[in-house]
Amino acid sequence: MALKFISAQEAAALVKNGDNVGFSGFTHAGCPKVVPFEIANRAREEHAKGNPFKIGVFTGASAGDALDGNLARANAVKFRAPYQTNKDLRSAINNAGEHDPVEYTDMHLSQLAQEIRYGFFGDIDVAVIEACQVSENGEIVPTTAVGITPTVCRLAKKVIVELNRQAPEELRGIHDIYEFQDPPNRREIAIYKVADRVGLPYVKVDPAKIVVVETDRDGEGKTFTPVDEVTAKIGDNVANFLAAEMKAGRIPKTFLPIQSGVGNIANAVLFSMGENKDIPCFEVFTEVIQDAVLDMMQQGKISFASGCSLTVSNEQLHKFYRELSFFKEKLVLRPSEISNNPGLVRRLGVIAMNTAIEVDIFGNVNSTHIMGTNMMNGIGGSGDFTRSAYLSLFVTPSIAKGGNISCFVPKVTHEDHSEHSVKIIVSEYGVADLRGKGPHERAKEIIEKCAHPDYRPLLHEYLKRQQKGHTPQDIYTCFAFHKAFLETGSMKNADFSK
Ligand code: 0RQ
């Protein structure tokens, strides 16, 4: 059956008000670009005529501005899951800007595909998938991310393939596409080593559902901010800690697979691990493969990476395409329910490293909310990895906003990762090892090893006030730091007597 090629505008016309639309991509990587733009235009046209037009947006993780930004600015989003990082969408989610509020479900990324299949979100009407290849028998080869693509392609009534001519067809073979059987028939995933493959190199779809839109639009990857003094220290602290753990025999000599979150700090941590002579060549089992991973593969420091997306700067992406035959041997891209699967994380003994917004002195972590109220990005994959990791680390600078915020507080204002899952905390000042310690000892360890020296006396003062109980939390003053920031502009003015 011959493939049907249409324009992006014609494709957008297939999307109706109220539809649930599943998009490819995981971060900006692998996201469709031209069809979302036209859907946003369509929404504006309908709104101008006085007609409603909003859709439910489902992706693997966050999406590029071409998708989340365009749709949010056009007031075209009624619902969003499972993660986002876009400033216009964030402002709509927090009901803070000029755009209509968006209903946002912040989810563990590994769970979205199965919950769509369970029917928790209703039908998926349309799928919009960026691909580097599509064949007449319905084989779709994604580009630099997989996300929830296999599930939304299977369930959607219509599949719009955005065929990106910039992504080489030779990407075929890099993906490992596997979709779970759902309970009660689920079996174990036969991945016992990071590089094992269990699926197909393409997504198979009924060709009758497919229409194709061609584009050659470039990616949206920005270059990382160079490592600064604080991030470099955090990176060195992590690398030295892991090297010492190996020396002490608590990490095998062959090392263990690493998961690292997104952003500048995560990139700096990987960089420091690459520089550390005591850390051997290792594997990566993660969701987002960042710039540092590709460099470290070329330097012989990383032997293999399993992930869901190649979230790299455009510069790195073009290098990756140029040297595809080298990287193809060392990399696999999987659906998010596999790349982030907690069972595999536990089986493979993954060391998880994620970034916190704030951490309390008992080891609970807030990864998502500012002052307990406003959504930053979302929990992303951090929970998928943290709870099941061999060893779970959280990294954060000790202070934010020029020192007016301490990232170490008496109590977190929103709890994403509890003390039960968080084992190691690292700031630019040092490493707090929470293993084998109860709440009183944890608090001392975190204050002395990680908090900024300016805030240590205040945190000790807080701790002294309440000596009783398993967790010496004073529920009347535990938010004194946040109250001081909101009322005076600095946590340094925290007053526990009020
Ligand atoms: O704001 O840019 O306005 O100054 O938060 O902080 O230090 O630049 O760190 O970019 O790595 O983001 C947790 C948000 C960190 C991210 C978080 C302010 C600070 C700055 C960003 P400005 P930094 P990063 C893999 C795993 C959850 C999801 C996850 C994240 C801004 O890492 O979203 O881990 N993680 N996924 O000034 C108020 C505080 C603050 C604060 C920092 N205590 N209070 N503001 N900031 N601490 C990815 C995926 O799942 C795909």
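For helix 3 (residues 65-73), the tally of buried residues reaches seven of nine residues, placing the bulk of the element in the interior. All buried positions along helix 3 are accounted for by A66, L67, D68, G69, N70, L71 and A72. Residues of helix 3 that are buried sit in contact with strand 1 (20-23), helix 2 (34-48), strand 2 (55-58), strand 3 (77-81) and helix 4 (87-93). Phi for N75, located one or two positions after helix 3, is positive at around 50°.

What follows covers the nonpolar core. Counting 76 residues, the largest nonpolar core has I140, V159, L242, M273, F282 and F320 as the members making the most contacts within it. Within the second largest apolar cluster, 42 residues are counted, among which are V21, A29, A40 and C308.

This part is about the environment of K483. Relative to the helices and strands, K483 is located in helix 17 (residues 480-488). Residue class for K483 comes out partly exposed when judged on its relative accessible area of 41%. Spatially, the C-alpha atom of K483 lies 44 Å from that of D123, the residues being 360 residues apart in sequence.

Here the domain parsing of the protein yields domain 1 (8-215) and domain 2 (229-493). Each of domain 1 and domain 2 has a C-alpha centre, and these two points are 28 Å apart. Between domain 1 and domain 2, roughly 3,800 Å² of surface is buried when both sides are summed, and carbon and sulfur atoms account for 61% of that area. Counting across the interface, domain 1 meets domain 2 through two salt bridges.

Glancing now at the packing of aromatic side chains. Here the structure, examined in full by the defined rule, presents 12 aromatic pairs. Between the aromatic rings of F326 and F327, the centroid separation amounts to 5.0 Å while the plane-to-plane angle is 80°, which identifies the pairing as edge-to-face. Classification of F326 as partly exposed rests on a relative accessible area of 31%. Taking the relative accessible area as the measure of exposure, F327 reaches 0% and is therefore buried. Here the aromatic residues F320, Y321, F326 and F327 are joined through ring pairs into a cluster of three or more. A cation sits over an aromatic face here: K330 above F326, 4.5 Å from the ring centre. We note R456 situated over the ring of Y429; from NZ or CZ to the ring centre the distance is 5.6 Å.

Moving on: the environment of D474. Secondary-structure assignment places D474 in the loop between helix 16 (456-465) and helix 17. Given a relative accessible area of 11%, D474 falls into the buried group. Expressed as a C-alpha distance, the spacing of D474 and A76, which sit 398 residues apart in the sequence, is 44 Å. Among all residues touching D474, those that are not within four sequence positions of it are Y462, R465 and Q466. Engagement of the side chain of D474 in a polar contact is seen with the side chain of T477, the distance being 2.6 Å.

Let us now look at the site of the ligand. Among the 24 residues in the neighbourhood of the ligand, the closest are listed as E287, I357, N377, G381 and K401. In the environment of the ligand, an oxygen atom lies 2.8 Å from a nitrogen or oxygen atom belonging to the side chain of E287. Take N377: an N or O atom from its side chain is 2.7 Å from an oxygen atom of the ligand. Considered on its own, the ligand offers 1,000 Å² of accessible surface; in the complex 77% of this is hidden by protein. Partitioning the shell around the ligand into residue classes produces 12 nonpolar, nine polar and three charged.

Moving on, we come to helix 7 (residues 229-247). Taking 1.5 Å of rise per residue, 19 residues should cover 27 Å, and helix 7 covers 27 Å from first to last C-alpha, within 8% of that figure. Buried within helix 7 are the following residues: T231, I234, G235, N237, V238, A239, F241, L242, A243, E245 and M246. On its buried face, helix 7 sits against strand 10 (258-260), helix 8 (264-275), strand 16 (351-355), strand 21 (391-395), strand 25 (424-426) and strand 26 (431-433). Residue D228 occupies the N-cap position of helix 7, its side-chain oxygen lying 3.1 Å from the main-chain nitrogen of V230. Backbone geometry just after helix 7 places G249 at a positive phi near 85°.

So, about the packing of helix 2 against helix 3. Relative orientation of the contacting elements helix 2 and helix 3 amounts to 5°, with a least axis distance of 9 Å. Looking at the two axes, helix 2 sits roughly parallel to helix 3. Counting all contacts with helix 2, which are made through P36, F37, I39, A40 and R44, the residues of helix 3 involved are A66, L67, N70, L71 and R73. Its residues placed into classes, the contact of helix 2 with helix 3 shows seven nonpolar, one polar and two charged.

Summarising the element assignment, S272 is placed in helix 8. For S272, a relative accessible area of 5% corresponds to the buried category. For S272, the contacting residues outside a window of four places in its chain are A232, G235, D236 and A239.

As a further point, take the packing of helix 9 (residues 291-298) against helix 10 (residues 314-322). It is at 10 Å that the axes of helix 9 and helix 10 come closest, and there the two elements cross at 40°. In terms of orientation, helix 9 lies oblique with respect to helix 10. The interaxial crossing formed by helix 9 with helix 10 has left-handed handedness. The residues of helix 10 that touch helix 9, namely those facing D291, L294, D295 and Q298, are Q316, K319 and F320. By residue class, the composition of the contact of helix 9 with helix 10 is two nonpolar, two polar and three charged.

With that settled, the discussion passes to the pairing of strand 3. Most of strand 3 sits inside the fold, with four of its five residues counted as buried. In this fold, the crossover linking strand 2 to strand 3 by way of helix 3 has right-handed handedness. Running through helix 4, the crossover from strand 3 to the neighbouring parallel element strand 4 (residues 103-104) is right-handed.

Criteria and thresholds
Residues numbered from 1 in each chain as written. Predicted model: local features only at pLDDT ≥ 70, side-chain atom pairs only at ≥ 80, totals over all residues. Heavy atoms only, no water. Buried < 20%, exposed > 50% of the residue type's maximum accessible area, 1.4 Å probe, protein only. Helix = DSSP H or I, 4+ residues; strand = E, 2+ residues; numbered from the N terminus. Contact = heavy atoms within 4.5 Å. Core = buried A, V, L, I, M, F, W, Y, C linked by side-chain atoms within 4.5 Å. Domains from an automatic or database assignment. Buried area = accessible area lost by both parts, 1.4 Å probe. Salt bridge = Lys/Arg side-chain N within 4 Å of Asp/Glu carboxyl O. Phe/Tyr/Trp six-rings, centres within 6.5 Å; stacked < 30°, edge-to-face > 60°. Lys NZ or Arg CZ within 6 Å of the ring centre and 35° of its normal. Polar contact = N/O pair within 3.5 Å; in protein donor to acceptor, adjacent residues only side chain to side chain. Near = heavy atom within 4 Å. Areas by Shrake-Rupley, 256 points an atom, 1.4 Å probe, with all protein chains shown as cover. Nonpolar A, V, L, I, M, F, W, Y, C, P; charged D, E, K, R; others polar. Expected span 1.5 Å × (residues − 1). Axes fitted to C-alpha atoms, helices over the stretch in contact; angles between N-to-C directions. Parallel < 35°, antiparallel > 145°, perpendicular 65-115°, else oblique. Left-handed = near helix turned anticlockwise from the far one by under 90°. Right-handed = clockwise from strand over helix to strand, strands pointing away.

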